[in-house]
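Secondary and tertiary structure notes
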Amino acid sequence: MQVRQRVYLTPTAVRIWHWLNALGILTLCVTGAELRFPEYAAALGDYKAAVRLHNAAGLVVAVSYLLWFGYYAFVARTLIQLYVPRREELRTGVVRQGLYYFFHFFRGTRENPFHPTPQNKFNPLQKTAYLAIMFLCTPLVIVTGVLLMNVAPLRDWVVAVGGLRFLAAAHWLLACIFCAFVFVHAYLATLGHTPFAHFKPMWTGWEEVEGGGAGGRHSKAA
Amino acid sequence: MSGAKRWGVGMLAVALGWGGVAGAMDTGECQGCHADPAIVKEGGGHLYIDGARYERTAHADVGCPSCHEGVSDAHPGDGLRPTRAGCGDCHDDTEAEYRAGRHADWAGCTDCHDPHEVKPTEVVSGPELNRVCTGCHDLGAVTASHGAWLLQPELHLEAVPCITCHTGAPGYVIAFYLERVEERPGRGPRVALATHAELAAVAGTERVERLVDGDADGIISLAELRAFNRGARGRGLRLWGMVLPDRVSHRYATLDDRWDCTFCHARGPEAAQVSTLSVPQADGRQRRFEVERGAVLDALYGTPDFYLVGATRNDTLSWIGLLIVAAGAAMPLGHGTLRFLTRNNRREG
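Residues numbered from 1 in each chain as written. Chains lettered and ligands numbered in written order. Predicted model: local features only at pLDDT ≥ 70, side-chain atom pairs only at ≥ 80, totals over all residues.

**Let's talk about the overall build of chain A**
Convention followed: Segments assigned H or I by DSSP are reported as helices when at least four residues long, segments assigned E as strands when at least two residues long, and all are numbered from the N terminus. Any residue surrounded by 20 or more other C-beta atoms within 10 Å of its C-beta is treated as buried, while 12 or fewer makes it exposed and the intermediate range makes it partly exposed; C-beta atoms here are placed from the backbone. Here contacts are defined at the residue level, using C-beta atoms placed from the backbone and a cut-off of 7 Å between them.
Secondary structure assignment for chain A yields eight helices and three strands. The order of α-helices and β-strands along chain A, N terminus first, is β-α-α-α-α-α-α-α-α-β-β. Taken across its 222 residues, chain A has 29% of its residues classed as buried. Contacts spanning at least 24 positions in sequence make up 72% of the contacts within chain A whose residues lie at least 6 apart.

Here it is in structure tokens:
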């Protein structure tokens, strides 16, 4: 029988950030749809309320992002270690993890090749996705959003980056990528040894990890 | 001849004519003195009429005596104050419409319109329209009062002239203007409404409207807008749009439906489909060109600097975005289905 260890994987600050971010992104998706398609999507009814909520949620996500970045970059000092895939991970790890998710997982013949530790929480596929989402898409969607929220005061910069329509188009496509990411992210979180195995650590901080890969100092035998 | 001398000659002519047969002056005679800047020193700024601007008004067609009929050949030596016609003598419908609103309690016709310079709305830019309002209404105070309920008030007041919300109209058009973009190294570019001289410098030997209306047919097509926008930044130009009423009314009011953002920020088959492009002419007027209906506002490169959220979205981009979302949703559906079908493979022995 597989030995499982309990590992303290997600610190409180990160959990608060994650759920705040999740709420913010879902709010942004719903209100954003209403802003772009007012004749089809009227979840909030009042267009002005939708704009205000969208702006508020955008600010929450932007501040939240800065806190996340500051925490990992300057407090924990593990930003690069956790989120930037190493060359080996890009060369073979991504393929191996992809094969597991889309082939071996269905056959049930192999275990998940990745075992998270507090020092290495994300598998190569996750790292690659988060690299694109957190280091490219999030800053871009925040910058385009801030410019769109302040067109008159920042008009010179709006013009400099290519105009309002370009900004609106970029913001829309980035938002769609986030929306797609939410679907995939939430679904992949159900692929643990139980459907909620990956949700629990984001709520309690502790995760049950299969095998003996967990080497963190907080880990203990279950 | 200097202005002072001309004024003196005018006075002399009047003096010599004193006691002669009194008759009405014609417009040329009026302009002889009143279009001379020297009259400012002699009698005050209110006596000066900019002859060039006056000549471009519809009022020039009827001439000075039509409104100032009491002015005789003895003027100004007769000491009589010239008579002035009321605006309503000719514009009775407009006056009646204006008097019906509360604005009439605070301002008369000439508080907004100088009859010696007045131009039809079609040849005036949106920023010029707003300058009439800010003559009395302090822009800072207006921005602050609108900011209490309106998001991005500066942007709205830039893109929506006051009359768009404060007068009723059967319909609205998107009016585009050409702006000059001055690049400033190390800082953002500075933009301002382009003058005819600035456009002429870019157009060279061509007429300025050819900058956009490539085939000179008087109608701006989608292809012409795209062509303009592709090279606009390189030439220091860009398009800026404003929402204007298609028929100007003088019934000023705070209209209830303007509190609702979807009055403008909604999209229906007829919303925001009509647009025009105004190009400044050598005489200071704007010439309006009809722009291809509908599609222009949907086009990504048609109007790079005008975006009316919820109304002028690009359909192609909407579909691309929705496909991205659909792909994200398809992954859990597809993987989840296979996961369900192969669930027996993962049961622990």
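**Considering the overall build of chain B**
Within chain B, the regular secondary structure consists of 16 helices and six strands. With 349 residues in all, chain B has 26% of them scored as buried. Taking all contacts inside chain B whose residues are at least 6 apart in sequence as the whole, residues at least 24 apart take part in 67%.

**Examining the pairing of strand 1 (residues 172-182) of chain B**
All names here are of chain B. How we decide: Strands were regarded as paired on the criterion that DSSP finds at least two bridges between them.
Along strand 1, eight of the eleven residues are buried, which leaves the element largely enclosed by surrounding structure. In terms of strand pairing, strand 1 meets strand 4 (residues 237-245) through nine bridges, oriented antiparallel. Paired with Ile174 across the bridge in strand 4 is Val243. Strand direction decides the pairing type here: strand 1 and strand 5 (residues 275-280), joined by four bridges, are parallel. By the bridge assignment, Ala175 is partnered in strand 5 with Thr276. Bridge count for strand 1 against strand 2 (residues 190-193) is four bridges, and the pairing is antiparallel. Following the sheet pairing, Val181 is matched in strand 2 by Val191.

**Here we look at the interface of chain B and chain A**
The condition is simple: Three classes are used: nonpolar for Ala, Val, Leu, Ile, Met, Phe, Trp, Tyr, Cys and Pro, charged for Asp, Glu, Lys and Arg, and polar for all others, with Gly counted as polar.
Each side of the interface is counted separately: chain B has 43 residues, and chain A has 35 residues. Looking at the side of chain B that touches chain A, the elements with two or more residues in it are helix 11 (153-159), strand 2 and helix 16 (315-341) of chain B. The greatest single-element share of the side of chain B that touches chain A, amounting to 13 residues, is contributed by helix 16 of chain B. Residues belonging to the side of chain B that touches chain A are distributed by class as follows: 21 nonpolar, 14 polar and eight charged.

**Things to note about the environment of Thr109 of chain A**
Of note, Thr109 of chain A is situated in the loop between helix 4 (87-107) and helix 5 (124-149). Thr109 of chain A sits 91 residues away from Lys200 of chain A along the chain, and the two C-alpha atoms are 26 Å apart.

**Some details on the confidence of the model for chain A**
All names here are of chain A. To be explicit about the condition: Scored from 0 to 100, pLDDT reflects the predictor's confidence in each residue.
Across chain A, the average pLDDT comes to 85, with 91% of residues at or above 70. For chain A, strand 3 (residues 220-221) is the element with the lowest average pLDDT, namely 30, and helix 5 is the one with the highest, namely 94. Predicted confidence is poor over residues 212-222, with pLDDT under 50, and the contacts of this stretch with residues over four places away or in other chains come to 28 contacts.

**Some words on the confidence of the model for chain B**
Residue and element names in this part refer to chain B. Across chain B, the average pLDDT comes to 82, with 87% of residues at or above 70. A low-confidence stretch, residues 1-22 (pLDDT under 50), is modelled with 26 contacts involving residues beyond four sequence positions or located in other chains. Per the prediction output, this complex has pTM 0.77; the corresponding ipTM is 0.86.

**Overview of unusual backbone geometry**
All names here are of chain B. In the segment running from His75 into Pro76, the intervening peptide bond is cis, with an omega of 5°. Of note, Pro76 is situated in the loop between helix 6 (64-67) and helix 7 (92-99). If you check the backbone angles, Gln152 has positive phi at about 45° while not being a glycine. Judged by C-beta crowding, with 19 C-beta atoms within 10 Å, Gln152 ranks as partly exposed. Backbone geometry places Ala216, a non-glycine residue, at a positive phi of 55°. Since 10 C-beta atoms lie within 10 Å of it, Ala216 is described here as exposed.

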